[in-house]
Amino acid sequence: MSETAFTLLVQGVLDYGIFMLDPQGYIISWNAGAERIKGYGAADILGQHFSVFYPPEDQLSGKPQWELETAVADGRLEDEGWRVRQDGSRFWANVVITALWDEKGVLQGFGKVTRDMSERRAAQQALSERRRLFDHLVQAQETERRRIAWDVHDDSIQAMVAVAMRLELLAERVPEAHAAELQRLDTTVREAIGRLRSLTFRLHPPGIDRHGLIEGLTSHLEDVVRSSWGMTYTFDHQLDRTPTPETAITIFRIVQEALLNVHKHARASRVDVRVKSGDGGILTHVVDDGTGEPMSMDGTREHFGVIEMRERAETAGGWWSMHSRPGTGTSVEFWVPNPLPLPSSEPRDGAP
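Source: prediction; values computed, not measured. (Residues numbered from 1 in each chain as written. Predicted model: local features only at pLDDT ≥ 70, side-chain atom pairs only at ≥ 80, totals over all residues. Heavy atoms only, no water.)

S.K.: Please explain helix H10 (residues 245–266) as it appears in this structure.
M.R.: Because an α-helix completes one turn every 3.6 residues, residues spaced three or four positions apart along the sequence face the same direction. Helix length check: H10 (22 residues) gives 30 Å between terminal C-alpha atoms against 32 Å at 1.5 Å per residue, within 8%. The buried count for H10 comes to 18 of 22 residues, which makes it a mostly enclosed element. With its phi angle positive at about 50°, Arg267 sits one or two positions after the end of H10. (Helix = DSSP H or I, 4+ residues; strand = E, 2+ residues; numbered from the N terminus. Expected span 1.5 Å × (residues − 1). Buried < 20%, exposed > 50% of the residue type's maximum accessible area, 1.4 Å probe, protein only.)

S.K.: What's the story with the confidence of the model for the chain in this structure? I'm lost.
M.R.: Note that predicted coordinates carrying low pLDDT should not be read in detail. Mean pLDDT over the chain works out to 84, with 88% of the residues at or above the 70 mark. Overall, residues 297–301 carries pLDDT values under 50, and its contacts beyond four positions in sequence, including any with other chains, amount to six contacts. (pLDDT = per-residue confidence, 0-100. Contact = heavy atoms within 4.5 Å.)

S.K.: Would you mind showing me how to read the sheet that holds strand S8 (residues 319–325) here?
M.R.: Here we have five strands laid out as an open sheet, ordered S5-S6-S7-S9-S8, and mixed in their pairing. The open sheet is flanked by strand S5 (232–238) and S8, the only strands paired with a single partner. Within the sheet, the average angular offset between the axes of one strand and its neighbour, ignoring direction, is 10°. Of the strand pairs in this sheet, strand S6 (residues 270–278) and strand S7 (residues 281–288) are connected by eight bridges, and their pairing is antiparallel. The residue of S7 that forms the bridge with Val271 is Asp288. Most of the contacts of H10 go to S7, to which it runs at about 10°, and overall it touches S6, S7, S8 and strand S9 (329–337). Each of S8 and S9 is contacted by helix H11 (residues 304–315), which is oriented at about 145° to S8, the strand it contacts most. (Pairing = 2+ DSSP bridges. Axes fitted to C-alpha atoms, helices over the stretch in contact; angles between N-to-C directions.)

S.K.: Quick question: what am I supposed to make of the packing of helix H6 (residues 118–173) against H11 here?
M.R.: A pair of packed helices is characterised by two quantities: the angle between their axes and the separation of those axes. At their nearest, the axes of H6 and H11 sit 11 Å apart, and the two run at 140° to each other. The pairing of H6 with H11 is recorded here as oblique in orientation. Residues Arg130, Phe134, Leu137, Gln141 and Arg145 of H6 form the contact with H11, whose participating residues are Glu308, Arg312, Glu314 and Thr315. Its residues assigned to classes, the contact of H6 with H11 comprises two nonpolar, two polar and five charged. (Parallel < 35°, antiparallel > 145°, perpendicular 65-115°, else oblique. Nonpolar A, V, L, I, M, F, W, Y, C, P; charged D, E, K, R; others polar.)

S.K.: Quick question: what am I supposed to make of the sheet that holds strand S2 (residues 76–84) here?
M.R.: Through backbone hydrogen bonds, the strands of a sheet pair up, either in parallel or in antiparallel fashion. Strand order in the open sheet formed by four strands is S1-S4-S3-S2, and the pairing between neighbours is antiparallel. Among the strands making up the open sheet, the edge pair consists of strand S1 (17–21) and S2. Taken over all neighbouring pairs, the strand axes of this sheet differ in orientation by 25° on average, direction set aside. Relative to strand S4 (residues 107–116), S1 runs antiparallel, the two sharing five bridges. If you follow Phe19 over to S4, its bridge partner there is Lys112. Against the sheet, helix H5 (residues 63–74) touches S1, S2, strand S3 (90–101) and S4, its axis set at about 165° to S2. Its contacts with the sheet place H6 against S2, S3 and S4, and it is angled at close to 125° to S3.

S.K.: Just checking my understanding: could you explain a nonpolar patch on the surface for this structure?
M.R.: On the surface, Met20, Ile28 and Leu100 cluster together into a nonpolar patch covering about 230 Å² of accessible area. Positionally, Met20 belongs in strand S1. For Met20, a relative accessible area of 33% gives the class partly exposed. (Patch = residues over 30% accessible without salt bridge, like charges linked within 9 Å, V, L, I, M, F, W, Y side chains within 5 Å. Areas by Shrake-Rupley, 256 points an atom, 1.4 Å probe, with all protein chains shown as cover. Salt bridge = Lys/Arg side-chain N within 4 Å of Asp/Glu carboxyl O.)

S.K.: Explain the pairing of S5 here, please?
M.R.: In terms of strand pairing, S5 meets S6 through seven bridges, oriented parallel. Bridging across to S6, Phe235 finds its partner in Val273. Remark: the S5/H10/S6 crossover connection has left-handed handedness. (Right-handed = clockwise from strand over helix to strand, strands pointing away.)

S.K.: Explanation requested: the packing of H6 against H10 in the structure shown.
M.R.: At a minimum axis separation of 9 Å, H6 and H10 run at an interaxial angle of 60°. On the basis of their axis angle, the class for H6 and H10 is oblique. Here the hand of the crossing between H6 and H10 comes out left-handed. For the pair H6 and H10, contact is made by Phe134, Asp135, Val138, Gln139, Glu142 and Arg145 and by Pro245, Glu246, Ile249, Thr250 and Arg253, respectively. (Left-handed = near helix turned anticlockwise from the far one by under 90°.)

In structure tokens form, the structure reads like this:
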């Protein structure tokens, strides 16, 4: 490509501001993309110092000069931060400054490429805000579950235990004709106590807050699926990093509901759980060897647990599906993103 053709190509680029600075930082060339992004026509900006594009606070801190010095020392500099248009409005820019040397090693100036990243930054901020709202929602749900579990344990269960003890004492004192009836009542009350204790365990399983996803699922599979339900299970997990607490709770709750549905509806003897990293998130399978009867998946009357599982996954930004055929068991599969923890504060714009 000839030098003239290359110059025409650079001048015609609209998505990037491409221009040159002399060794002191004064603007000596200007393309159509720079005019579109920054608002200056060539006649307005040629000969001015490039620091005019920086907010006043960056000018006062010496950031423009620091960037030139860094480009000279390292060959190039890349930065993201606020820049200022001709009308005074700010935009978020990605900037690359490259030091240009002649064949004798003498600095001839700098090449500067600017891209307006405002839309991408706005999208990232919207995603971060959605994540914050999701995290707050998950934590609020877990706090409410914990409160209800404590209330049921400290109030309802204790009251019913007292009733059961009173019934047992009465059964020893009343005539035999009435003792059998009291014993049946006592049995009914104790069964209700057992169901309430199971409810409190489902509301707030011990360990999920302190030990994380893998240990929480392992404990649930061992204590509930094997010990309480008498089912065999396998658990395979391959995670490249620990999920955030909110992601861990979301996955745990969906798996917990899927296992409960297996216990209630599938008439299965075995369940296999697989959790692995993939596509920037965590993919989970819960597969049983039960009857495979569909659980109201015709769209007319879905089981509440099915709705809850789907809504949890989709609220987290993921997806959920269930496949079931008579005689082949049921497979629940879902994926949720596994983002890095949100920073406590926004990083600086690359200022020195």
